[in-house]
Amino acid sequence: MDIEIIGAPIDFGAGRRGVEMGAAAIRIAGLVEKLAALGHSVTDVGDVDVPVRGHAVIGDPRLRYLDEILVVHRALAEAVAGTHSRGRFPLVLGGDHSVGLASIAATSRTHRVGVIWIDTHGDFNTHQTTLTGNVHGMPLAALAGLGFPRLVSMDGWRAPERAVDPAGIVIVGARDIDPKEADLLKTAGVTVLSMAVIDRYGIGRVMEHAIHIAGTDTDGIYASFDLDVMDPSIAPGVGTPSAGGLTVREGHLAMELLSASGRLLGLDVVEVNPVLDERNTTAELAVSLTLSALGKRVWSRETIPELEH
Ligand SMILES: [Mn+2]
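Residues numbered from 1 in each chain as written. Predicted model: local features only at pLDDT ≥ 70, side-chain atom pairs only at ≥ 80, totals over all residues. Heavy atoms only, no water.

Caption draft 1: Here's a closer look at the coordination of the manganese ion. For the manganese ion, the full set of protein donor atoms is His-97 (ND1), Asp-119 (OD), Asp-123 (OD) and Asp-226 (OD), and the range of their distances to it is 2.0 to 2.3 Å. Look at where the donors of the manganese ion fall in the sequence and you get H-x21-D-x3-D-x102-D. A residue pair is termed long-range when its members are at least 10 positions apart, and Asp-119 in the loop between strand E4 (113-118) and helix H5 (139-143) and Asp-226 in strand E7 (residues 220-226) qualify at 107 residues. (Donors = N, O, S within 2.8 Å, 3.2 Å for Na, K, Ca; no water. Helix = DSSP H or I, 4+ residues; strand = E, 2+ residues; numbered from the N terminus.)

The structure is reproduced here in structure tokens:
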């Protein structure tokens, strides 16, 4: 594949500082070299510009730092649209998860997009339901056309309507969803595959289901991976940890199945917070999971034909 790496070192959407260094930490963990070693053509186009924190204004407490976030969203959307125009694969490094709005909205300009949002949280709040005012809890709702019009339209970069049909949105790994957010998810018709469903059926069947839903009547699937979906015991460097997350192997199998689907249009890897991390272990995990999403295999055949049905 021809991959373009785009960094979005933003923390204005998060409640804790430090996540703006996540893209650097992932690069330091060897992302570019390891992707190239897999046989990919890799171009690191660098980071989009992010406003200086010292000049930033919180503004509306239900949409903290909205002005700064929208500046980043527009720049990131332009970058991702450019990657698609060159026929390359966008790999977006956060930064906080607000960036998923820009990367996927940009992709929706040229593709009918299904979304697999791999996350502890729903990220489906609006300014009317948020408990924190942190915009990283809102990008998926905005993609579905819900929320503050300036956020949904990315300050006029696109029309203030949905970028993605909620029927093609799947959240995988959820275990912390706010009550009003749950109501919105149900009304919108988003599929939520919680940790309980993964416990019950296994990550393999859950991902096959997710890929089926997000891949039906779409040109492909954009995956947005929040490192906080992993269990905090193995991914301590995240701002909003929640016990009971994916194991290392569950994370890898989820990514391997996305790769094997052949349907990926792009990938976000977000919410690595080096300030909270231990010796860059969370960034290193992010790199190894990304490799699995982009074709790394232990062996060429990873199913048992006699057990397939
Ligand atoms: Mn998230």
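Caption draft 2: Broad picture of the packing of aromatic side chains. Under the definition given, this model contains 1 aromatic pair. Over the face of the ring belonging to Tyr-65 we find Arg-53, whose NZ or CZ atom lies 4.8 Å from the ring centre. One cation-aromatic arrangement involves Arg-109 over Trp-157; the distance from NZ or CZ to the ring centre is 3.8 Å. (Phe/Tyr/Trp six-rings, centres within 6.5 Å; stacked < 30°, edge-to-face > 60°. Lys NZ or Arg CZ within 6 Å of the ring centre and 35° of its normal.)

Caption draft 3: Just the sheet that holds strand E5 (residues 169-174), in detail. Strand order in this open sheet of 8 strands is E2-E1-E3-E8-E7-E4-E5-E6, and the pairing throughout is parallel. Of all the strands in the sheet, just strand E2 (41-47) and strand E6 (191-194) have a single pairing partner and so form its edges. Neighbour-to-neighbour, the strand axes of this sheet turn through a mean angle of 15°, independent of strand direction. Of the strand pairs in this sheet, E4 and E7 are connected by 6 bridges, and their pairing is parallel. Looking across to E7, one finds that Ile-118 is bridged to Phe-225. Helix H10 (residues 248-261) rests against E4, E7 and strand E8 (264-270) of the sheet, and its axis sits at about 155° to E8. Lying on the sheet, helix H11 (residues 281-293) is in contact with strand E3 (89-94), E7 and E8; it crosses E8 at an angle near 175°. (Pairing = 2+ DSSP bridges. Axes fitted to C-alpha atoms, helices over the stretch in contact; angles between N-to-C directions. Contact = heavy atoms within 4.5 Å.)

Caption draft 4: Representation of the pairing of E7 in the model. Counting buried residues along E7, 7 of its 7 residues qualify, which places the element largely inside the surrounding structure. Burial of E7 is two-sided: the residues Gly-220, Tyr-222, Ser-224 and Asp-226 facing one way and the residues Ile-221, Ala-223 and Phe-225 facing the other way are all buried. Across 6 bridges, E7 lies against E8 in parallel orientation. Following the sheet pairing, Ile-221 is matched in E8 by Leu-264. Each parallel crossover has a hand, and the one from E7 via H10 to E8 is right-handed. (Buried < 20%, exposed > 50% of the residue type's maximum accessible area, 1.4 Å probe, protein only. Right-handed = clockwise from strand over helix to strand, strands pointing away.)

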